[in-house]
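Each chain is listed here by its residues.
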Amino acid sequence: FKKCDTSSFCKRHRDRPEGATREIYSIAGRWEPIAGGGGWGADLAAVGESAPLRIELTPYGTEGVVRMRVDEPDHPRYVVPDVLVDDLAPSEFAHVDRTAKGRTVFITKNADVDVVVTHAPFRVALR
């Protein structure tokens, strides 16, 4: 089992300057569809950092299951294949609403589940 001391991703992103809040990340640019799948991706930038992280949201099935992944393009993380149950295949969002200023709403195929992403400061909420 890895701990932060043995994970380079954790070590690079865990420490914050004294007095810094957790609200240092924001979506840089726009959410865009990921080629070859139903997911969407965007750059996640930290204040004072030159290399943004990459965030991806991918819906699965029709039940409202959504996977969120954060990665570093310069240091890709190992991805464990096939960790979801067999009957959950990647799908598409029913609708993506980018009309509200400062947030994007991802509407799943389950009418009871939406993912609301606030761009600055970065926040994710399920409703």
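Bear in mind the structure is a predicted one, so any value in this text is a computation, not a measurement.

Trainee: Kindly report on the layout of surface pockets, identifying the contributing residues and their values.
Mentor: Considered as a void within the structure, the largest pocket measures approximately 340 Å³ in volume. Lining the largest pocket are 16 residues, with V70, D71, P76, R77 and Y78 positioned closest to its centre. Secondary structure elements with two or more residues in the lining of the largest pocket: α1 (8–14), β3 (53–60) and β4 (65–71). Of the residues forming the lining of the largest pocket, the biggest block, four residues, is contributed by β4. The residue inventory of the lining of the largest pocket, partitioned by class, reads seven nonpolar, two polar and seven charged.

Trainee: I'd like a description of the packing of aromatic side chains, backed by residues and values.
Mentor: By convention here, two paired aromatic rings are described through the distance between centres and the angle between planes. Scanning the model with the defined rule gives three aromatic pairs in all. Between W31 and F106, the ring centres sit 5.0 Å apart and the planes meet at 75°, which makes this aromatic pair edge-to-face. Here W31, found in strand β1 (residues 25–33), pairs with F106, found in strand β6 (residues 103–107); they are 75 residues apart in sequence, far enough to count as distant. Residue W31 shares its accessibility class with F106, and that shared class is buried.

Trainee: Tell me about the sheet that holds β1, and please be specific about residues and values.
Mentor: Taken in spatial order, the four strands line up as β1-β2-β3-β4 in an open sheet, and their pairing is antiparallel. Looking along the sheet, the strands with just one partner apiece sit at the ends: β1 and β4. Averaged over all adjacent pairs, the angle separating strand axes in this sheet is 20°, with direction ignored.

Trainee: Please set out the environment of A100 residue by residue, giving values where relevant.
Mentor: Mapped onto the fold, A100 is located in the loop between β5 (95–97) and β6. On the basis of relative accessible area, A100 is assigned to the partly exposed category, the value being 28%.

Trainee: Can you tell me about the nonpolar core, naming the residues and giving the values?
Mentor: Formed by 16 residues in total, the largest nonpolar core has its most connected members in I27, W31, L57, F106 and V117. Only β1, β2 (40–46), β3 and β7 (114–118) provide two or more residues apiece to this core. Contacts of F106, omitting those with residues within four sequence positions, involve W31, W40, L57, F93, H95, V96, D114, V115 and V117.

Trainee: Break down unusual backbone geometry for me, with residues and values.
Mentor: The omega angle of the peptide bond from A120 to P121 is -5°, so this bond is cis rather than trans. If you trace the backbone, P121 turns up in the loop between β7 and β8 (123–126).

Trainee: Give a detailed account of the sheet that holds β6, specifying residues and quantitative values.
Mentor: One open sheet accounts for four strands, arranged β5-β6-β7-β8; its pairing is antiparallel. Edge positions in the sheet fall to β5 and β8, since each of these pairs with one other strand and no more. When strand polarity is set aside, the average angle formed by the axes of neighbouring strands in this sheet is 15°. Note that β5 and β6 share three bridges and pair antiparallel. In the sheet register, H95 faces β6, and the bridge partner there is I107.

Scoring rules and cut-offs
Residues numbered from 1 in each chain as written. Predicted model: local features only at pLDDT ≥ 70, side-chain atom pairs only at ≥ 80, totals over all residues. Heavy atoms only, no water. 1 Å grid on protein atoms, 1.4 Å probe; cavity = no way out; pocket = protein on both sides within 12 Å on 5 of 7 lines; lining within 4 Å. Points joined across faces, edges and corners; volume = space filled by probe spheres on them. Helix = DSSP H or I, 4+ residues; strand = E, 2+ residues; numbered from the N terminus. Nonpolar A, V, L, I, M, F, W, Y, C, P; charged D, E, K, R; others polar. Phe/Tyr/Trp six-rings, centres within 6.5 Å; stacked < 30°, edge-to-face > 60°. Buried < 20%, exposed > 50% of the residue type's maximum accessible area, 1.4 Å probe, protein only. Pairing = 2+ DSSP bridges. Axes fitted to C-alpha atoms, helices over the stretch in contact; angles between N-to-C directions. Core = buried A, V, L, I, M, F, W, Y, C linked by side-chain atoms within 4.5 Å. Contact = heavy atoms within 4.5 Å.

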